[in-house]
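One-letter residues, chain by chain:
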Amino acid sequence: MVDDTDVLLKEKRIFKPNEIILGKAIIKDWEEEIEKGKDYVNYWADKAEQFTWFKKPEKTLDDSNKPFFKWYVGGKINLAYNAVDRWIETDKRNQVAILYVNERGEEEKLTYYELYRKVNKFANALKNLGVKKGDKVSVYLPMCPELIISLLACTKLGAIHSVVYSGLSVMALVERVNDAEAKILITSDGTYRRGKVIDLKNVADEAMLQCSSVETVIVVKHTGTSIQTSDLSGKEVFFDTLMEGEPAEFEAEEMDAEDTLFLLYTSGSTGKPKGVVHTTAGYMVGVATTLRNVFNIHDGDLWWCTADVGWITGHSYVIYGPLLLGSTTLVYEGAPDYPDPGAWWNIVEKYGVTKFYTAPTAIRHLMRYGKKYPKKYNLSSLKILGTVGEPINPEAWIWYHKNIGREQCPIMDTWWQTETGSYMISPLPVTPLKPGSATRSLPGIEADVVDRDGKPVPLGKGGHLVIKNPWPSMLRTLYKDEDRYINTYWKEIPGCVYAAGDIARKDEDGYFWIQGRSDDVLKIAGHRIGTSEVESAFVSHPAVAEAAVIGKSDPIKGEVIKAFLILREGYNLDTKLIEELKKHVRHELGPVAVLGAIKQVDSLPKTRSGKIMRRVLRARELGEDLGDTSTLEE
Ligand code: WT7
């Protein structure tokens, strides 16, 4: 594991909140709130009061069958009802709920009332297609209003959505649709990216040849390409056609607090992605509470989270969090630097964004173009900034703070995961900040750094990041794979604590410094990708006999792939083959798999049982000590 402690230690300043932030803070006393959160069951019981329940829970936490925890036992609730219908009765009725903007400068606004009507129409349409509570609906859509309508309609009728990021490939889509046994696929003609229209329908078409569970494919006409009704196959139908004539009323399904809300696949240490299962009430409480407290969401805010809904960040903080708070969420489709590297700052100025949340890789990318782009715009509407996805290097933190935040906005460095559902370690607006640290666990959450035996490590020393108590928005299991759920998260460290798979250390103030993954998972531009997924993509090419990949640090992406390949007889790693391999891996895995370098080797370091020792490759690559190599065969 790379230890970037030295770099981090160079930035020693502590950034205190200013008067304006302090005055508006929802939580004024950080320590006091953390103290309250120590009684975590009561703390989270209290946070559930913010919603409209069909039936109130009888018990906040059932931990009698660890690690299968249950929250808000006996409660009946519907998320879409709380995110949309609830606001129709208030003066938020005509407030903009969704502000969709794209890189072409087009916009679409949906008020809560308009959103309500569309969600209901689409829920009726799904019901007519035979979709019932508990059915799975796969969604392969770009950032567009129909994506949000689709998810909320599923939630309203109790169907389980499974979003597949629109940048993923045919293979990934097939795998996820089949694992979920989805009845419906919702996709679109295409998406906009850097001035081009990217076809999604052809990916979906290719995937559908291998997905027998799908009965209907719903196609959103998003980019207005030339697909006509006559081009559709018997099981395909346009989104618009389905909505026509549907009633704008739909009664929300009474969901049990523990009914599954959605599946979201993420990479782990094996080639097979994990289907993370989130349930209804706990997830709602987690996302709404954390967003309100960390970003101080008030009436009048315009919230912009730049993540794609294909990832957990988009689920929790583009859609569900802000709508559960009755806020306005900006949904952006496009690249950060198109038509020019001032694109995002232009949007901030034009619409008056107040809270802005993005990834360190995006900041580093935009930083490269210099401060002249943000300087062109009036960014004074911004009050709080945030980051997520990977550790932020202090240099990028300072740039963000100065050039985007004008030294007025605290930066919320939020640590969490697909599995945690909502923020775990994060400052609050009143927290004194140290650039590069996500500070301490949020009230109601107890994180720690321990050794392999579960004992706390001394301050300043690296160890495994764990969460010691259950929390409402935690994953409940891995879809169809309870063993993997137990083994991955609850067996790594003794004592039934949640092992996050990250390496971290704590400093003298109890602040956490996350250093990276401890497993064979890479973080490329903040996206998780398993080394074994990349390796199997390589070996599916005829030229490759064996492959091992490791992460190599990259100034913008954080990490990129470095591959070591044993080629088959008759192949040579010339420029032509390198290009071909790059294309092949991209086709197999999608643009998330950014290749840094490919190296041809004669052998790979393996254990006697044949497992590739990536640790040895990493150590060699970085010129580090090899550590214990007693199990090394060659
Ligand atoms: C992994 C989870 C849920 C957010 C999007 C990524 C890394 C996430 C931070 C942060 C340092 C971070 C961790 C974590 N990570 N946020 N603020 N500082 N590292 O979700 O794909 O499930 O990845 O992202 O390594 O385990 P994900």
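Above this text sits the structure in question.
A brief report on the enclosed structure follows. On a predicted model such as this, the values are computed, not experimentally measured, just so you know.

Cut-off values and rules
Residues numbered from 1 in each chain as written. Predicted model: local features only at pLDDT ≥ 70, side-chain atom pairs only at ≥ 80, totals over all residues. Heavy atoms only, no water. Helix = DSSP H or I, 4+ residues; strand = E, 2+ residues; numbered from the N terminus. Buried < 20%, exposed > 50% of the residue type's maximum accessible area, 1.4 Å probe, protein only. Contact = heavy atoms within 4.5 Å. Areas by Shrake-Rupley, 256 points an atom, 1.4 Å probe, with all protein chains shown as cover. Lys, Arg positive; Asp, Glu negative; His and termini not counted. Charge placed at Lys NZ, Arg CZ, Asp CG, Glu CD. Pairing = 2+ DSSP bridges. Axes fitted to C-alpha atoms, helices over the stretch in contact; angles between N-to-C directions. Near = heavy atom within 4 Å. Polar contact = N/O pair within 3.5 Å; in protein donor to acceptor, adjacent residues only side chain to side chain. Nonpolar A, V, L, I, M, F, W, Y, C, P; charged D, E, K, R; others polar. Phe/Tyr/Trp six-rings, centres within 6.5 Å; stacked < 30°, edge-to-face > 60°. Salt bridge = Lys/Arg side-chain N within 4 Å of Asp/Glu carboxyl O. Parallel < 35°, antiparallel > 145°, perpendicular 65-115°, else oblique. Left-handed = near helix turned anticlockwise from the far one by under 90°.

1. A few points about the overall build of the chain
The helix and strand tally for the chain stands at 20 helices and 30 strands. The dimensions of the chain, computed from C-alpha atoms along their principal axes, are 70 × 60 × 60 Å. Within the chain, the fraction of its 634 residues that count as buried is 62%. A separation of at least 24 residues holds for 71% of the contacts in the chain among residues at least 6 apart in sequence. Of the accessible surface of the chain, which amounts to about 24900 Å², a share of 48% is contributed by carbon and sulfur atoms. Distance between charge centres in the chain, computed from 81 positive and 89 negative side chains, equals 3 Å.

2. Observations concerning the sheet that holds strand S25 (residues 512–517)
Read from one edge of the open sheet, four strands run S21-S22-S24-S25, paired in antiparallel fashion. What marks the edges here is a single partner per strand, and that holds for strand S21 (447–450) and S25. Neighbour-to-neighbour, the strand axes of the sheet open up by a mean angle of 45°, direction not taken into account. Sheet topology places S21 next to strand S22 (residues 463–467); four bridges connect them, and they run antiparallel. What sits directly across from Val 450, in S22, is His 464.

3. Overview of helix H20 (residues 614–622)
Turning to H20, its buried residues are Arg 614, Val 616, Leu 617 and Ala 619. Packed against the buried residues of H20 are helix H18 (531–539), strand S28 (544–554) and strand S29 (558–567).

4. Quick notes on the site of the ligand
In the vicinity of the ligand, 17 residues are found, and the nearest of them are Asp 413, Thr 414, Thr 418, Arg 517 and Arg 528. At 2.8 Å from an oxygen atom of the ligand is found a side-chain nitrogen or oxygen belonging to Lys 523. A distance of 2.8 Å separates an oxygen atom of the ligand from a polar atom in the side chain of Arg 528. Coverage of the ligand by the protein amounts to 95% of the 560 Å² it exposes when considered alone. Among the elements of the structure, helix H12 (312–324), strand S20 (411–414) and S25 are those that each provide at least two residues to the shell around the ligand. A class-by-class count of the residues in the shell around the ligand yields six nonpolar, five polar and six charged.

5. Quick word on the packing of aromatic side chains
One pass over the full model with this rule turns up 35 aromatic pairs. Look at Phe 262 and Tyr 283: their rings are 5.0 Å apart centre to centre, the planes differ by 85°, and that puts the pair in the edge-to-face class. With Phe 262 in strand S14 (residues 260–266) and Tyr 283 in helix H11 (residues 280–295), this pair connects stretches of sequence that are 21 residues apart. Look at Tyr 283 and you get buried, because its relative accessible area is 1%. With 6.4 Å between their ring centres and 80° between their planes, Tyr 369 and Tyr 373 make a pair best called edge-to-face. A relative accessible area of 29% places Tyr 369 in the partly exposed class. Grouping aromatic residues by their ring pairs yields a cluster made of Phe 68, Phe 69, Trp 471, Tyr 485, Tyr 489, Trp 490 and Tyr 498.

6. Details of the environment of Thr 216
Along the polypeptide, Thr 216 turns up in strand S11 (residues 216–220). Here Thr 216 falls in the buried class, since its relative accessible area comes to 11%. Along the primary structure Thr 216 and Ser 233 are separated by 17 residues, whereas in three dimensions their C-alpha atoms are 9.9 Å apart. In contact with Thr 216, not counting residues within four places along its chain, are Leu 129, Lys 183, Ile 184, Leu 185, Lys 235 and Val 237.

7. Section: H12
Two residues of an α-helix separated by three or four positions point the same way, owing to the 3.6 residues in each turn. Burial within H12 is extensive, with 13 of its 13 residues counted as buried. Remark: Gly 326 follows H12 within two positions and exhibits a positive phi of approximately 70°.

8. Quick look at the sheet that holds strand S23 (residues 477–478)
Pairing is mixed across the open sheet formed by eight strands, whose spatial order is S12-S11-S8-S6-S7-S14-S15-S23. Looking at which strands have only one partner, the edges of the open sheet turn out to be strand S12 (236–238) and S23. The sheet contact formed by strand S6 (residues 136–140) and strand S7 (residues 160–163) spans four bridges and is parallel. If you follow Val 137 over to S7, its bridge partner there is His 161. On the sheet, helix H8 (residues 170–180) packs against S6, strand S8 (184–188) and S14 and is oriented at approximately 145° with respect to S14.

9. Side note on the side chain of Lys 606
Counting through the fold element by element, Lys 606 comes out in the loop between strand S30 (595–600) and H20. Judged by relative accessible area, which is 18%, Lys 606 ranks as buried. Within the structure, Lys 606 has its side chain in polar contact with the side chain of Glu 546 (distance 2.5 Å).

10. Let's talk about the pattern of salt bridges
Tallying each qualifying case throughout the model produces 37 salt bridges. Among the ionic pairs, Asp 85 bridges to Lys 156, the shortest N-O distance being 2.6 Å. Taken as a pair, Asp 85 in helix H5 (residues 79–88) and Lys 156 in helix H7 (residues 145–157) lie far apart in primary sequence, 71 residues in all. Comparing Asp 85 with Lys 156, the two get one shared label, buried. Measuring nitrogen to oxygen at the nearest pair gives 3.1 Å for the salt bridge that ties Lys 480 to Glu 181. With Lys 480 in the loop between S23 and helix H17 (482–490) and Glu 181 in the loop between H8 and S8, this pair connects stretches of sequence that are 299 residues apart. Among the ionic contacts, a cluster of salt bridges with common partners joins Glu 33, Lys 36, Asp 46 and Lys 47.

11. Some points on the packing of H5 against H12
At a minimum axis distance of 8 Å, the contact between H5 and H12 shows a crossing angle of 55°. As judged from the angle between their axes, H5 and H12 are oblique. For the element pair H5 and H12, the recorded crossing hand is left-handed. From H5, Leu 79, Asn 82, Ala 83, Arg 86 and Trp 87 reach across to H12, where they touch Tyr 320, Leu 323 and Leu 324. Taken together, the residues of the contact of H5 with H12 break down into six nonpolar, one polar and one charged.

Function cannot be inferred from these measures alone, as they are strictly geometric.
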